[in-house]
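# Structural overview
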Amino acid sequence: MGIESSCDDTAAAIVKDGKMLANIVAGQDVHKKWGGVVPELASRAHQQNIVPVVDAAIKKAGINKKDISAVAFTSGPGLLGSLLVGSSFAKGFALAQNIPLIEVNHMQGHILAHFIDGPFPKFPFLCLTVSGGHTQIVLVKNHFEMQVIGETIDDAAGEAFDKAAKIIGLPYPGGPLVDKLAQTGDKHKFKFPQPQIQNFDFSFSGIKTAFLYFVNEQVKKNPDFIEQNKNDLCASLQHTIVSFLMDKLLKAAKHHNIKEITIAGGVSANLGLRGAIEGLKTQGYNIYIPKFEYCTDNAAMIAITGYYKFLKKDFTDQKAVVRARFEI
Ligand code: KG4
Ligand code: ZN
């Protein structure tokens, strides 16, 4: 069984011999009115949700809790209060059932989500990991050996989507809404500067600031500017972010001479990014894109990582501590 509670989704999943039997996620609407995740409220919601979510996963899998041979939990990175709920539950469950406890790095989980359904990427591969808290290019040598070769120096890609969405009045989390509105917008209508950053690193705060200044300027001249141009604004912003991500990913792939390319994390649900990655096939790359439910936070990715760790007998104990920051 895998348990995920690092941010604002309470999730539980059951995997058997590498096959997913159940994958249950409870989101938290309580944050919408605050325009972002409120850690204190997230912890409380996790506490309310954790037992019903685990119950639902066990029922969906058609098993008995006595059938569970190990429990894996996200031990970081994430919000401490949220992580504590999932880890404490997992510890209690392991103790009660007398089964091994496995700790999982959330970012490693996002990457290993590629091993839930085949075809699996071949090692070594590159993974562009784009979420609300992270933006990384990871060189994945095997299930456990991963090297971050590029990352954001400020905001994450998901944060850029969410912050820009907020500027034009979209509710949190804005990423999926920007994606939706961008479908019918003109991506070339507005131009925002591409950040100039060394190596394979990223920066998104400049895009957000340029977007903010541009929108404010236009609204001064025409108070209805946002309403009249919402879809074009979303399409142009998305195009800027996706082009930047693709640029760096291709640069890294060429430098490391790797043809196996994957994406992971919440922003990998973005249709613009999925389309751009898909386009790499014509350049001889092998592309692996996770199913939507395995892009955003879920426990299936924690369960599958737990499964591989279980095979290695890589267990932790009741003294395990969660961490806000946790490098892969
Ligand atoms: O991986 P995730 O579920 O949680 C973290 O670990 O952060 O990622 C959440 C992020 C949010 O910023 C959300 O706006 C973004 O992923 N996101 C999207 C889309 N779906 C989720 N961004 C752009 N387009 C989407 N379709
Ligand atoms: Zn995540």
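Since we're looking at a predicted model, the values are computed, not measured. (Residues numbered from 1 in each chain as written. Chains lettered and ligands numbered in written order. Predicted model: local features only at pLDDT ≥ 70, side-chain atom pairs only at ≥ 80, totals over all residues. Heavy atoms only, no water.)

### Here we look at the pairing of strand E4 (residues 71–76)
Counted residue by residue, E4 has 6 buried out of 6 residues, so it is predominantly covered. Here strand E1 (residues 2–4) pairs with E4 via 2 bridges, running parallel. Paired with Gly2 across the strands is Ala72, a residue of E4. Examined bridge by bridge, E4 and strand E5 (residues 101–105) share 5 bridges and lie parallel to one another. Looking at E5, one finds that Ala72 is bridged to Ile102. Traced from E4 through helix H2 (residues 80–97) to E5, the parallel crossover comes out right-handed. (Buried < 20%, exposed > 50% of the residue type's maximum accessible area, 1.4 Å probe, protein only. Helix = DSSP H or I, 4+ residues; strand = E, 2+ residues; numbered from the N terminus. Pairing = 2+ DSSP bridges. Right-handed = clockwise from strand over helix to strand, strands pointing away.)

### Re the sheet that holds strand E2 (residues 10–16)
Ordered in space as E3-E2-E1-E4-E5, the 5 strands form an open sheet in which the pairing is mixed. Because the sheet does not close on itself, it has two edges, and the strands there are strand E3 (19–26) and E5. Taken pair by pair, the neighbouring strands of this sheet meet at an average axis angle of 25°, ignoring direction. With 3 bridges joining them, E1 and E2 adopt antiparallel strand pairing. Looking at E2, one finds that Ile3 is bridged to Ala12. The sheet strands contacting helix H1 (residues 39–61) are E1, E2 and E3, and the helix crosses E2 at an angle near 25°. Helix-sheet contacts for helix H9 (residues 300–311) involve E1, E2, E3, E4 and E5, and the interaxial angle to E5 is about 120°. (Axes fitted to C-alpha atoms, helices over the stretch in contact; angles between N-to-C directions. Contact = heavy atoms within 4.5 Å.)

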